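Summary of structural features
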Amino acid sequence: MSSPQVPLRDAIRTLPAYVPGARAAAQPDVIKLSSNENPFPPLESVREAVARAAVEINRYPDMFATELGEAIAERHGVVPQAVVPGCGSVAVLGHVLQAFCDAGDEVVHVWRSFEAYPIAVRLTGAVAVTVPLRADGRHDLAAMAAAITPRTRVVLVCSPNNPTGPAVRDDELRTFLAAVPPEVLVVLDEAYVEFVRDPLAPAGDRILADHPNVVLLRTFSKAYGLAGLRVGYAVTHPDLARGVRTAATPFGVSHLAQVAALASLRATDELLERVEVIVERRAALLAGLRGQGWSVPESQANFVWLATGDRTAERAAEAARAGLLVRPFAGEGLRISVGEEESVERVLALTGTWR
Ligand SMILES: *Cc1c(COP(=O)(O)O)cnc(C)c1O
């Protein structure tokens, strides 16, 4: 076959590829700590709801995920029109950017942060303007405010920040929002919010109530354990939500995902008990690492960040040989998910040998 002559868009050709976390081979002693997934198996009630719904998959799903949207709205104390469910919150972020960014517009975010951001921004033709993280792995919100120009349409705030872990604080976020022009959209990506225990962290719903230019992004992939079904959502002012919905993929949330997310909302208490267990394991992991002399950012998520610098690739390979799949960021560090109970001890046994 001869080579195609059709040019790809420059934005596509020059895009860095998303690097997914390593996947475990079906070996019993390998623990996957590379994608911040929930280590617990799905709840019985959720599995049963999905199994019951399987007989209907010859039909299209409810295009607007009506029942799920209503349940989410009730949870956030907003009208259903304020909620936009989507095929994972990464997809919803893409719809948000498509709804607000034209070619050449600017989107401000910290770096390092979630690696889907630069890809999603450049797909719209917009330009990412990055602000360095502070040395303690936190957002520098003052520098982000200073990076806003007349071309800025959107600012992304990842709290807790993937991959370093700290959450922004309510007072610094409010100071920041007061400095952001009202025509600039602020996306607060709260993928890990259920794991936050910092009493100074913001309550997204109250931030949203006070600022009509804010979008909250939430997901069922992490605390709710539905990463494999792909469902997340945005909450924002109904006028903005309408625009995001316009940009969304029709029928983007599958019927099984809608059913599973609804069943998970009904089982929230049971799921939050599991979150509490993960939070305890996180505390043990952080304490253990600090006891070994590591300087670790104050993670409020279900992962920790280890600054392994130039040795990162080597350390990730050693971890893999020890049956621990972690997520390396070459030249910077390792992101290690808080996983199964035995993962804490096994991670600490390994990191101890690196001191
Ligand atoms: C995991 C994650 C998400 C959620 O992605 P889904 O598409 O909902 O699975 C969103 N934002 C950040 C920062 C994440 O780490």
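In the block above lies the structure referred to throughout.
Keep in mind that what you see is a predicted model, and the values were worked out from it rather than measured. (Residues numbered from 1 in each chain as written. Predicted model: local features only at pLDDT ≥ 70, side-chain atom pairs only at ≥ 80, totals over all residues. Heavy atoms only, no water.)

**Looking at the site of the ligand**
Quick note on the threshold: A molecule or strand has a residue near it when one of that residue's heavy atoms lies within 4 Å. Polar contact is defined as a pair of N or O atoms within 3.5 Å, subject to the rule that within protein one atom must be able to donate a hydrogen and the other to accept it, and that residues adjacent in sequence are counted only when both atoms are side-chain atoms. Reported accessibility uses the Shrake-Rupley method at a 1.4 Å probe radius. Residues are deemed covered only where the shown protein chains occlude them. Buriedness of a pocket was judged along seven lines, with at least five required to meet protein on both sides within 12 Å; pockets are open sets of points on a 1 Å grid over the protein atoms alone, cavities are sets where a 1.4 Å probe fits but cannot get out, and lining residues have an atom within 4 Å of a point. To decide whether a molecule occupies a pocket or cavity, check its atoms: if more than half lie within 2 Å of the grid points, it is inside. Ten residues, namely Ala, Val, Leu, Ile, Met, Phe, Trp, Tyr, Cys and Pro, are considered nonpolar, four, namely Asp, Glu, Lys and Arg, are considered charged, and the remaining ones, Gly among them, are considered polar.
Around the ligand, 13 residues are found, and the nearest of them are S89, Y192, T219, S221 and K222. D189 is positioned such that a nitrogen or oxygen atom in its side chain is 2.8 Å from a nitrogen atom of the ligand. Considered on its own, the ligand offers 390 Å² of accessible surface; in the complex 94% of this is hidden by protein. When atoms are counted within 2 Å of each cavity's grid points, the one that captures over half of the ligand is the largest pocket. Looking at the shell around the ligand residue by residue, the classes come out as 5 nonpolar, 5 polar and 3 charged.

**What to know about unusual backbone geometry**
Leaving glycine out, the prevailing phi sign among residues is negative, and the prevailing peptide bond configuration is trans. Filter applied, for reference: Each helix corresponds to a stretch of at least 4 residues labelled H or I by DSSP, and each strand to a stretch of at least 2 residues labelled E; elements are numbered beginning at the N terminus.
Here the amide bond leading from S159 into P160 is cis, since omega sits at -5°, within 30 degrees of zero. By the element assignment, P160 lies in the loop between β5 (152-158) and α7 (170-179). Note the cis peptide between N162 and P163, where omega equals 20°. Relative to the elements of secondary structure, P163 occurs in the loop between β5 and α7. A positive phi angle, close to 60°, is found at N36, a residue other than glycine.

**Looking at the layout of surface pockets**
This is how the line gets drawn: Grid points are joined across faces, edges and corners, and a volume is the space filled by probe spheres set on the points.
For the largest pocket, the calculated volume is near 910 Å³. Looking at the largest pocket, it is lined by 43 residues, and the ones nearest its centre are S35, N36, E37, K222 and A227. Only β1 (31-32), α4 (89-100), β11 (327-329) and β12 (333-337) provide two or more residues apiece to the lining of the largest pocket. A per-class count over the lining of the largest pocket returns 19 nonpolar, 14 polar and 10 charged.

**A word on the sheet that holds strand β3 (residues 106-111)**
For clarity, the threshold we go by: Note on pairing: two strands pair once DSSP finds at least 2 bridges between them. Between the N-to-C directions of two axes lies an angle of 0 to 180 degrees, each axis being a line fitted to C-alpha atoms and, for a helix, fitted only over the stretch in contact. Contacts: residue pairs with any heavy atoms within 4.5 Å of one another.
Spatial strand order, β2-β8-β7-β6-β5-β3-β4: 7 strands in an open sheet with mixed pairing. Edge strands, defined here as strands with exactly one partner in the open sheet, are β2 (83-86) and β4 (127-132). Put simply, the sheet's adjacent strands are angled 20° from each other on average, direction ignored. Bridge count between β3 and β4: 6 bridges; the pairing is parallel. Looking at β4, one finds that V110 is bridged to V131. Contacts from helix α3 (residues 66-76) reach β2, β7 (214-219) and β8 (232-235), with the element oriented near 130° to β2.

**Observations concerning the environment of L324**
Definition in use: Whether a residue is buried, partly exposed or exposed follows from its accessible area with a 1.4 Å probe, protein chains only, as a fraction of its type maximum: under 20%, in between, or over 50%, in that order.
Here L324 lies in strand β10 (residues 324-325). A relative accessible area of 2% places L324 in the buried class. Along the sequence, L324 and D29 sit 295 residues apart, while their C-alpha atoms lie 8.7 Å from each other. Leaving out residues up to four positions away in the same chain, L324 has contacts with I31, L33, A319, R346, V347 and L350.

**Let's talk about the sheet that holds β12**
The strand order across the open sheet formed by 3 strands is β9-β12-β11, and the pairing between neighbours is antiparallel. Only two strands of the sheet have a single neighbouring strand rather than two, namely β9 (303-306) and β11. On average, adjacent strands in this sheet sit at an angle of 20° to one another, irrespective of strand direction. Here β9 pairs with β12 via 4 bridges, running antiparallel. Within β12, the residue paired with F303 across the bridge is S337. With respect to the sheet, helix α12 (residues 312-321) is in contact with β11 and β12, its orientation differing from that of β12 by roughly 35°.

**Side note on the environment of F303**
Here F303 shows up in strand β9. Judged by its relative accessible area of 0%, F303 is buried. Here F303 is in contact with N36, N161, N162, P163, T164, G165, Y192, R335, I336, S337 and V338, once residues within four sequence places are set aside.

**As for the pattern of salt bridges**
The cut-off we apply is this: Whenever a carboxyl oxygen of Asp or Glu lies within 4 Å of a side-chain nitrogen of Lys or Arg, that contact is scored as a salt bridge.
Applying the stated criterion across every chain yields a total of 18 salt bridges. Here E190 makes a salt bridge to R218, at a shortest N to O gap of 2.9 Å. Here E190, found in the loop between β6 (185-189) and α8 (204-210), pairs with R218, found in strand β7; they are 28 residues apart in sequence, far enough to count as distant. Across the pair, R218 and E190 agree in class, each one buried. Of the charged contacts, one joins E314 and R311 as a salt bridge, the two residues approaching to 3.0 Å between their closest N and O atoms. Overlapping salt bridges bring together D105, R151 and R153 as one network.

**Description of the side chain of N36**
Assignment of secondary structure puts N36 in the loop between β1 and α2 (44-53). A polar contact is formed between the side chain of N36 and the side chain of S337, at a distance of 2.8 Å. Excluding residues that lie within four positions of it along the chain, N36 makes contacts with N162, Y192, K222, N302, F303, R335 and S337.

On their own, these measurements won't tell you what the molecule is for.
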